[in-house]
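# Notes for the structure review
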Amino acid sequence: MEALAIRLSGLDPYVDGALRIVAFYDTLMRRRVDLPALARASAGLAECVAGVGLRGTGRTIRVGPDGREAPGAAGPASVTVPVVLDEEEIGTVWLERAGPAGPLDEVLLDRLALAVAGAVERYGPARTTMADPALVELVIGAETDEAARARALRLLGFAVGPVVRVAAVRSPRLPLDQVGGAVCPGGPVKAARIGGVGVLLAPGLERDRFPAGVRAGLGAADRPDLAWREARTALRLTTAREPVLDHAELGALALLAEVPREVLRGNPDVAALVRLAGAPGDAEEDARGNGDGREAQTPREAREALDTLNTLEAYCAAGSLRRAADALHLHHSSVARRVDLIGRALSVDLTTPTGLTRARMALAAWRLLGD
């Protein structure tokens with residue numbers, strides 16, 4: 001690296017300086033220096049105050065160019081760069097200059113951020129939410145022996161003894177580590193993506209803390225592998241009105257997940273609901289195409305199908321026309337007409353307890369088919 005820097009110095013002073021900075025931090029990382037040493041070296045190199053802040057521990061290090069702790073409150077940062085470990089932002093590094101940022105400040109901070117991430121991982125505890133998927137798979141795997149499961153839990157930072165709860169999560173907008181931090185802010189929580197579904201592991205998961213827009217199923221079993229299976233079932237049965245479900249609350253509905261898909265699809269009530277909805281899945285998917293060779297719904301048909309499902313779900317959840325009308329913000333007579341039309345399409349009298357039970361079961365089976 002030094003030889004390359006010397007050869008390039010005559011061509012581009014910026015490249016020369018950047019390569020020297022890279023070589024400088026490579027040397028620090030080879031020597032396995034700790035965070036205070038990295039901050040001191042960076043402050044001396046930049047000739048200004050350098051700062052390192054970690055979110056998980058709340059630790060902040062500010063060092064002046066003389067190598068001593070910087071006095072007073074932090075000044076304005078001329079440049080700030082995030083510190084990323086396991087695809088999770090765990091802190092920041094910055095420089096506090098009185099004037100404008102230097103031409104190589106960003107290069108310096110990029111290398112400092114990499115060195116800080118390496119030091120945190122080496123000396124720990126990293127306290128990151130995102131975990132090694134291989135370890136998480138060992139914890140929730142059905143074929144993992146108990147000794148290997150216990151070792152994986154210890155490596156993830158969980159104490160021996162307390163039951164670890166498991167959640168299956170779908171979060172299209174919010175990063176999984178932020179979901180974990182929101183649900184379990186005061187305790188250890190680990191997350192990973194397994195087969196496109198997010199996994200959260202924690203001694204306790206507070207269902208009321210799941211952010212808006214997130215769907216989650218919570219396992220109830222003491223064994224993580226069984227809890228993971230339950231969590232996935234609960235996730236498949238979530239709705240916009242019930243975005244978070246605990247498997248313990250499903251009761252007999254959970255048995256539907258054990259029924260083969262072809263058996264569910266062949267049930268007359270479920271088949272009628274599939275026809276009424278257009279296809280398993282959401283209205284956006286219907287508008288694009290059903291994927292099974294049938295003609296795609298038009299946007300208007302997709303909206304009508306969505307209105308139908310919303311009405312049926314609200315009625316099944318409320319158990320009465322007036323409460324369903326309140327939930328949908330419609331007049332009860334409008335809801336009554338919709339429910340009557342839906343009942344005719346399903347050949348089910350939705351005003352009777354038996355008809356309401358059949359509709360609830362058909363809706364649950366339809367969700368499982370559309371998963």
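Summarised in this report is the structure supplied together with it. In this text the structure is predicted, and so the values were computed from the model without any measurement.

## With respect to the environment of Arg149
- Checked against the element boundaries, Arg149 lands in helix H6 (residues 146–155).
- Separated by twelve residues in the primary sequence, Arg149 and Glu137 place their C-alpha atoms 9.3 Å from one another.
- Those residues in contact with Arg149 that lie beyond four places of it in its chain are Leu138, Val139, Ile140, Gly141, Thr144, Pro224 and Asp225.
- Among the polar contacts listed, one links the side chain of Arg149 to the backbone oxygen of Gly141, at a separation of 3.1 Å.

## Some points on the side chain of Arg62
- Its place among the elements puts Arg62 in strand S2 (residues 60–63).
- Side chain to side chain, Arg62 and Glu96 meet in a polar contact 2.9 Å long.

## Looking at the sheet that holds strand S8 (residues 215–218)
- Here we have five strands laid out as an open sheet, ordered S6-S7-S5-S8-S9, and mixed in their pairing. Both edges of this open sheet fall to strand S6 (190–194) and strand S9 (244–246), since each of them pairs with a single strand only. Here the average twist between neighbouring strands, direction ignored, is 20°.
- Note that strand S5 (residues 165–170) and S8 share four bridges and pair antiparallel. The residue bridging Arg170 from the neighbouring strand is Arg215, located in S8.
- Across the face of the sheet, helix H5 (residues 133–140) comes into contact with S5, S6 and strand S7 (197–202) while running at roughly 90° to S6.

## Description of the packing of aromatic side chains
- Throughout the structure, instances matching the rule amount to one aromatic pair.
- Measuring from centroid to centroid gives 5.2 Å for Phe24 and Tyr25, while their planes differ by 90°, and the two rings are edge-to-face.
- Residue Phe24 is classed as partly exposed on the basis of its relative accessible area of 28%.

## Overview of the pairing of S7
- Counting buried positions along S7 gives six out of six residues, so the element sits mostly inside the fold.
- What you see with S7 is no split at all: Val197, Val199 and Leu201 on one side and Gly198, Leu200 and Ala202 on the other are buried throughout.
- Bridge count for S5 against S7 is five bridges, and the pairing is antiparallel. Each bridged residue has a counterpart across the sheet, and for Val169 the counterpart in S7 is Gly198.
- Where S6 and S7 come together, five bridges link them in antiparallel fashion. In the strand pairing of S7, Arg193 is matched with Gly198.

Each value, and the rule that gives it
Residues numbered from 1 in each chain as written. Predicted model: local features only at pLDDT ≥ 70, side-chain atom pairs only at ≥ 80, totals over all residues. Heavy atoms only, no water. Helix = DSSP H or I, 4+ residues; strand = E, 2+ residues; numbered from the N terminus. Contact = heavy atoms within 4.5 Å. Polar contact = N/O pair within 3.5 Å; in protein donor to acceptor, adjacent residues only side chain to side chain. Pairing = 2+ DSSP bridges. Axes fitted to C-alpha atoms, helices over the stretch in contact; angles between N-to-C directions. Phe/Tyr/Trp six-rings, centres within 6.5 Å; stacked < 30°, edge-to-face > 60°. Buried < 20%, exposed > 50% of the residue type's maximum accessible area, 1.4 Å probe, protein only.

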